[in-house]
Amino acid sequence: DSMGIGSSYINIAQVLESQNKLDEALQSYKKALPILGAIGDKYGIGVALSSIGNVYTIKKNYEAALDNYTRSLRIRKECNDKQGQAECYNGIGKVYLEKKKYKEALECQLQSLRLQEITGTKKGLALTYLNLGDISEKMKDYPKAAEYYKKALTISTEINSRDAIRDSYQYL
């Protein structure tokens, strides 16, 4: 069935991405798009587009990343997928951070934070606080950065997210 094939392409791409086979991951994500489009799976399209944005961010192709995150965000708003919207704002914020557009990065991360608080996704909250800390540090607001890193550490400890705990300590 088409839904299963589209989802399989996304799953394959995620494995390839985790192995740092970024070009192959992009191909697999892109193969999923027309299949998901043909069956009207907007949620799946939103996932694929934001995943493509992630890969382009890793590859430092920031314009392509922004384009895909923005397209994903529009779809996720149509689907009322608040967690997906939070992930898109997070991704867009990371791109702006890389481009040293700190004000825009901060606005996106704060939007992500508001949505993460609504959904109650603890891991997403922890990662967003880490990103907010990173932005605040780049903006030389060290007390605010420390505050965000401490919030990230508290949540990361609650959910036993070793990566986020490590990152929180590293920044503090």
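Please refer to the structure higher up on the page.
Residues numbered from 1 in each chain as written. Predicted model: local features only at pLDDT ≥ 70, side-chain atom pairs only at ≥ 80, totals over all residues. Heavy atoms only, no water.

Roughly 840 Å³ of internal volume is contained in the largest pocket. What lines the largest pocket is a set of 31 residues, among which Asn54, Asn90, Lys94, Leu127 and Asn131 lie closest to the centre. Those elements giving two or more residues to the lining of the largest pocket turn out to be helix H1 (2-18), helix H3 (42-58), helix H4 (62-78), helix H5 (82-98), helix H7 (122-138) and helix H9 (162-171). With eight residues, the single largest contributor to the lining of the largest pocket is H5. Of the residues belonging to the lining of the largest pocket, the class tally is ten nonpolar, twelve polar and nine charged. (1 Å grid on protein atoms, 1.4 Å probe; cavity = no way out; pocket = protein on both sides within 12 Å on 5 of 7 lines; lining within 4 Å. Points joined across faces, edges and corners; volume = space filled by probe spheres on them. Helix = DSSP H or I, 4+ residues; strand = E, 2+ residues; numbered from the N terminus. Nonpolar A, V, L, I, M, F, W, Y, C, P; charged D, E, K, R; others polar.)

With that out of the way, let us pick up H4. Spanning 17 residues, H4 covers 24 Å between terminal C-alpha atoms, matching the ideal 24 Å at 1.5 Å per step. Turning to H4, its buried residues number three or more, namely Tyr62, Ala64, Ala65, Leu66, Asn68, Tyr69, Ser72, Leu73, Ile75 and Arg76. Residues of H4 that are buried sit in contact with H3 and H5. Positioned one or two residues after H4, Asn80 has a phi angle of 55°, which is positive. (Expected span 1.5 Å × (residues − 1). Buried < 20%, exposed > 50% of the residue type's maximum accessible area, 1.4 Å probe, protein only. Contact = heavy atoms within 4.5 Å.)

These results come straight from atomic positions and should not be treated as a statement about function.
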